[in-house]
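# Close look at the chain arrangement
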Amino acid sequence: MGSVSNQEFPGVCKTEEDEGPSTEEDSQPFHGVGQCKWFNVRMGFGFLSMNTREGVPLEEPVDVFVHQSKLHMEGFRSLKEGEAVEFTFKKSSKGLESQRVTGPDGIHCVGSERRPKGKKLQKRRSKGDRCYNCGGLDHHAKECKLPPQPKKCHFCQSIDHMVANCPIKAQQSSPGSQGKPSSLIGDEEEHSPSALPPETSD
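Residues numbered from 1 in each chain as written. Predicted model: local features only at pLDDT ≥ 70, side-chain atom pairs only at ≥ 80, totals over all residues. Heavy atoms only, no water.

As recorded in an unreviewed UniProt entry, the protein goes by the name Protein lin-28 homolog A, listed as coming from Paralichthys olivaceus. Under the heading Sequence similarities (unreviewed entry), UniProt records this for the protein: "Belongs to the lin-28 family." (UniProt positions renumbered as here; feature names shortened; annotations may be inferred.)

In C-alpha coordinates, the structure reads:
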(Lines give C-alpha, C1' and ligand atoms only; values in the text may rest on other atoms or scores of the structure.)
Protein backbone atom coordinates (compact mmCIF):
# COMPACT_ATOMS: atom_id res chain seq x y z
CA MET A 1 0.00 0.00 0.00
CA GLY A 2 1.06 3.58 -0.54
CA SER A 3 1.73 6.18 2.12
CA VAL A 4 -1.17 7.76 3.97
CA SER A 5 -2.31 11.06 2.50
CA ASN A 6 -3.23 14.12 4.54
CA GLN A 7 -6.92 13.64 3.70
CA GLU A 8 -6.88 10.16 5.19
CA PHE A 9 -4.84 11.12 8.30
CA PRO A 10 -7.70 11.98 10.73
CA GLY A 11 -9.43 8.64 10.20
CA VAL A 12 -6.34 6.45 10.35
CA CYS A 13 -5.92 4.59 13.63
CA LYS A 14 -2.19 4.01 13.47
CA THR A 15 0.48 5.16 15.88
CA GLU A 16 2.96 7.75 14.73
CA GLU A 17 5.66 5.06 14.56
CA ASP A 18 3.67 3.21 11.87
CA GLU A 19 3.50 6.24 9.63
CA GLY A 20 6.36 7.33 7.43
CA PRO A 21 8.23 10.58 8.08
CA SER A 22 6.65 13.70 6.70
CA THR A 23 7.85 17.28 6.89
CA GLU A 24 4.25 18.51 7.12
CA GLU A 25 3.61 16.35 10.18
CA ASP A 26 6.73 17.71 11.84
CA SER A 27 5.66 21.34 11.40
CA GLN A 28 1.86 21.13 11.73
CA PRO A 29 0.39 20.74 15.22
CA PHE A 30 -2.47 18.29 15.70
CA HIS A 31 -5.28 18.20 18.25
CA GLY A 32 -5.73 15.35 20.69
CA VAL A 33 -8.05 14.39 23.56
CA GLY A 34 -7.32 11.95 26.31
CA GLN A 35 -6.21 11.75 29.89
CA CYS A 36 -3.06 11.91 31.98
CA LYS A 37 -1.40 8.50 32.02
CA TRP A 38 1.13 9.48 34.70
CA PHE A 39 2.97 12.61 35.82
CA ASN A 40 6.08 12.98 37.98
CA VAL A 41 5.53 16.15 40.04
CA ARG A 42 9.18 16.30 41.16
CA MET A 43 10.65 16.04 37.65
CA GLY A 44 7.84 18.04 36.02
CA PHE A 45 6.95 15.72 33.16
CA GLY A 46 4.85 12.70 32.27
CA PHE A 47 2.74 11.16 29.52
CA LEU A 48 -0.75 11.69 28.22
CA SER A 49 -2.84 8.82 26.91
CA MET A 50 -4.44 10.09 23.70
CA ASN A 51 -7.67 8.29 22.70
CA THR A 52 -8.98 10.79 20.12
CA ARG A 53 -6.93 12.52 17.40
CA GLU A 54 -8.38 15.25 15.24
CA GLY A 55 -11.87 14.31 16.47
CA VAL A 56 -11.56 10.66 15.48
CA PRO A 57 -11.42 7.94 18.17
CA LEU A 58 -8.31 5.75 18.12
CA GLU A 59 -8.47 1.98 18.38
CA GLU A 60 -5.64 1.99 20.93
CA PRO A 61 -4.43 4.90 23.11
CA VAL A 62 -1.21 6.59 22.04
CA ASP A 63 1.33 8.05 24.49
CA VAL A 64 2.17 11.75 24.18
CA PHE A 65 4.98 13.35 26.21
CA VAL A 66 4.00 16.32 28.39
CA HIS A 67 6.20 18.85 30.21
CA GLN A 68 4.91 21.08 33.02
CA SER A 69 5.77 24.22 31.03
CA LYS A 70 3.06 23.27 28.48
CA LEU A 71 0.22 23.07 31.05
CA HIS A 72 -2.48 25.75 30.99
CA MET A 73 -2.95 26.51 34.69
CA GLU A 74 -1.88 28.87 37.45
CA GLY A 75 0.47 28.19 40.35
CA PHE A 76 2.31 24.89 40.65
CA ARG A 77 1.88 23.10 37.32
CA SER A 78 1.19 19.37 37.35
CA LEU A 79 -1.35 16.79 36.24
CA LYS A 80 -3.35 14.27 38.23
CA GLU A 81 -3.33 10.68 37.03
CA GLY A 82 -6.50 10.04 35.01
CA GLU A 83 -7.27 13.77 34.58
CA ALA A 84 -9.12 14.55 31.32
CA VAL A 85 -7.13 16.78 28.97
CA GLU A 86 -7.19 18.35 25.53
CA PHE A 87 -3.93 19.25 23.83
CA THR A 88 -2.08 20.16 20.70
CA PHE A 89 0.95 18.08 19.81
CA LYS A 90 3.69 17.65 17.25
CA LYS A 91 5.90 14.81 16.16
CA SER A 92 9.54 15.36 17.03
CA SER A 93 12.67 13.23 16.74
CA LYS A 94 11.87 11.85 20.22
CA GLY A 95 8.22 11.01 19.42
CA LEU A 96 4.95 12.83 20.09
CA GLU A 97 5.28 15.93 22.29
CA SER A 98 2.44 18.09 23.56
CA GLN A 99 2.61 21.84 22.90
CA ARG A 100 -0.31 23.16 24.95
CA VAL A 101 -2.36 21.12 27.42
CA THR A 102 -5.69 22.25 28.89
CA GLY A 103 -8.66 20.72 30.62
CA PRO A 104 -11.83 19.89 28.63
CA ASP A 105 -13.05 22.82 26.46
CA GLY A 106 -9.84 24.80 27.13
CA ILE A 107 -10.30 25.29 30.89
CA HIS A 108 -7.35 25.23 33.29
CA CYS A 109 -5.87 21.84 34.17
CA VAL A 110 -6.83 20.58 37.63
CA GLY A 111 -3.37 19.32 38.60
CA SER A 112 -2.15 16.91 41.24
CA GLU A 113 -2.49 17.51 44.97
CA ARG A 114 1.01 16.06 45.35
CA ARG A 115 4.05 18.27 45.72
CA PRO A 116 7.75 17.44 45.37
CA LYS A 117 9.22 15.86 48.49
CA GLY A 118 11.78 18.66 48.72
CA LYS A 119 8.98 21.09 49.62
CA LYS A 120 8.41 19.21 52.90
CA LEU A 121 11.91 19.80 54.25
CA GLN A 122 10.80 22.72 56.41
CA LYS A 123 8.26 20.54 58.21
CA ARG A 124 10.91 17.93 59.02
CA ARG A 125 13.49 20.35 60.39
CA SER A 126 11.94 20.26 63.87
CA LYS A 127 13.32 16.74 64.40
CA GLY A 128 16.72 18.01 65.55
CA ASP A 129 17.89 19.80 62.41
CA ARG A 130 18.85 23.28 63.55
CA CYS A 131 20.74 26.46 62.63
CA TYR A 132 24.39 26.23 63.68
CA ASN A 133 24.59 30.02 64.00
CA CYS A 134 21.75 30.77 66.45
CA GLY A 135 20.41 27.33 67.37
CA GLY A 136 16.94 27.97 65.86
CA LEU A 137 14.88 25.00 64.67
CA ASP A 138 13.04 26.74 61.82
CA HIS A 139 15.98 27.38 59.48
CA HIS A 140 19.59 26.51 58.60
CA ALA A 141 22.69 28.66 59.13
CA LYS A 142 22.76 29.83 55.49
CA GLU A 143 19.23 31.24 55.98
CA CYS A 144 19.94 32.80 59.39
CA LYS A 145 19.11 36.51 59.59
CA LEU A 146 21.39 37.14 62.59
CA PRO A 147 25.04 38.18 62.19
CA PRO A 148 27.63 35.49 62.93
CA GLN A 149 27.22 34.46 66.57
CA PRO A 150 30.02 33.33 68.93
CA LYS A 151 30.81 29.62 68.76
CA LYS A 152 28.81 27.60 71.29
CA CYS A 153 28.73 24.12 72.71
CA HIS A 154 26.04 22.25 70.79
CA PHE A 155 25.13 20.28 73.91
CA CYS A 156 24.63 22.96 76.60
CA GLN A 157 24.82 26.15 74.48
CA SER A 158 27.66 27.60 76.60
CA ILE A 159 30.13 29.90 74.86
CA ASP A 160 32.92 28.89 77.30
CA HIS A 161 33.69 25.60 75.56
CA MET A 162 32.91 23.35 72.60
CA VAL A 163 30.88 20.13 72.70
CA ALA A 164 34.03 17.97 72.79
CA ASN A 165 34.94 19.56 76.14
CA CYS A 166 31.42 19.87 77.57
CA PRO A 167 31.47 18.96 81.30
CA ILE A 168 27.69 18.48 81.40
CA LYS A 169 27.79 15.99 78.56
CA ALA A 170 30.73 14.21 80.20
CA GLN A 171 28.82 13.95 83.50
CA GLN A 172 25.82 12.43 81.76
CA SER A 173 27.88 9.90 79.85
CA SER A 174 30.01 8.85 82.86
CA PRO A 175 28.81 9.69 86.42
CA GLY A 176 32.24 9.42 88.09
CA SER A 177 35.07 11.85 87.48
CA GLN A 178 37.41 8.91 86.79
CA GLY A 179 35.88 8.45 83.33
CA LYS A 180 36.39 12.11 82.37
CA PRO A 181 39.16 13.14 80.03
CA SER A 182 42.01 14.96 81.73
CA SER A 183 41.25 18.09 79.69
CA LEU A 184 37.83 18.30 81.35
CA ILE A 185 39.27 17.99 84.86
CA GLY A 186 41.67 20.83 84.17
CA ASP A 187 38.82 22.88 82.67
CA GLU A 188 36.71 22.36 85.80
CA GLU A 189 39.57 23.39 88.09
CA GLU A 190 39.89 26.68 86.24
CA HIS A 191 36.16 27.48 86.48
CA SER A 192 35.60 26.13 90.01
CA PRO A 193 37.58 27.90 92.80
CA SER A 194 36.61 25.24 95.36
CA ALA A 195 38.06 22.37 93.33
CA LEU A 196 39.87 19.90 95.58
CA PRO A 197 43.47 18.99 94.87
CA PRO A 198 43.95 15.42 93.65
CA GLU A 199 44.19 12.85 96.43
CA THR A 200 47.68 11.72 97.37
CA SER A 201 48.46 8.41 98.96
CA ASP A 202 50.19 8.55 102.38
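Resuming the write-up.
## Here we look at the environment of arginine 115
Note on placement: arginine 115 falls in the loop between strand 5 (95-102) and helix 2 (121-124). Among the residues examined, arginine 115 registers a relative accessible area of 40% and is labelled partly exposed. Discounting chain neighbours no more than four positions away, the residues touching arginine 115 are Val41, Phe76 and Ser78. A polar side-chain atom of arginine 115 sits 2.9 Å from the main-chain carbonyl oxygen of serine 112. (Helix = DSSP H or I, 4+ residues; strand = E, 2+ residues; numbered from the N terminus. Buried < 20%, exposed > 50% of the residue type's maximum accessible area, 1.4 Å probe, protein only. Contact = heavy atoms within 4.5 Å. Polar contact = N/O pair within 3.5 Å; in protein donor to acceptor, adjacent residues only side chain to side chain.)

## Some details on the nonpolar core
Inside soluble globular proteins, nonpolar side chains tend to come together where they are buried. Grouped together as the largest cluster of nonpolar side chains are 19 residues, with contacts concentrated most on Leu48, Met50, Leu71, Leu79, Phe87 and Val101. Only strand 1 (30-40), strand 2 (45-53), strand 3 (56-67), strand 4 (84-92) and strand 5 provide two or more residues apiece to this core. No other element matches strand 3, which puts four residues into this core. Other than its neighbours up to four places away in sequence, leucine 48 contacts Gln35, Cys36, Lys37, Val62, Asp63, Val64, Val66, Leu79, Val85, Phe87, Ser98 and Val101. (Core = buried A, V, L, I, M, F, W, Y, C linked by side-chain atoms within 4.5 Å.)

## Looking at the packing of aromatic side chains
Summed over all chains, the structure comprises six aromatic pairs. Pairing phenylalanine 47 with phenylalanine 65 gives two aromatic rings, centres 5.7 Å apart and planes at 75°, and the pair type is edge-to-face. You can see phenylalanine 47 sitting in strand 2 and its partner phenylalanine 65 sitting in strand 3, a full 18 residues away along the chain. For the pair phenylalanine 87 and phenylalanine 89, a centre-to-centre distance of 6.0 Å together with 55° between the ring planes defines the contact as tilted. The same class applies to phenylalanine 87 and to phenylalanine 89, which are both buried. Clustering of aromatic rings is evident, with ring pairs tying together Trp38, Phe45, Phe47 and Phe65. (Phe/Tyr/Trp six-rings, centres within 6.5 Å; stacked < 30°, edge-to-face > 60°.)

## A short note on the pattern of salt bridges
What the rule picks out here adds up to two salt bridges. For lysine 37, the salt bridge is made with aspartate 63, and the minimal N-O distance between the two is 3.0 Å. Here the residue lysine 37 occupies a position in strand 1, and aspartate 63 occupies one in strand 3, the gap between them amounting to 26 residues. On the basis of relative accessibility, which here comes to 39%, the residue lysine 37 falls in the partly exposed class. (Salt bridge = Lys/Arg side-chain N within 4 Å of Asp/Glu carboxyl O.)

## Let's talk about unusual backbone geometry
A positive phi is found at glutamate 54, a non-glycine position, where the angle reads about 55°. One non-glycine residue with positive phi stands out, namely aspartate 105, at about 60°.

## Observations regarding the side chain of serine 112
Structurally, serine 112 is set in the loop between strand 5 and helix 2. You can call serine 112 buried: its relative accessible area is 10%. Contacts of serine 112, omitting those with residues within four sequence positions, involve Val41, Ser78, Leu79 and Lys80.

## Some thoughts on the pairing of strand 5
Sheet topology places strand 4 next to strand 5; seven bridges connect them, and they run antiparallel. Bridge pairing in strand 5 links phenylalanine 89 to serine 98. Hairpin connection of strand 4 to strand 5: two residues between the antiparallel strands. (Pairing = 2+ DSSP bridges.)

## Re the side chain of serine 49
As for its placement among the helices and strands, serine 49 is situated in strand 2. Discounting residues that sit within four places of it in the chain, serine 49 has contacts with Val33, Gly34, Gln35, Lys37, Pro61 and Val62.

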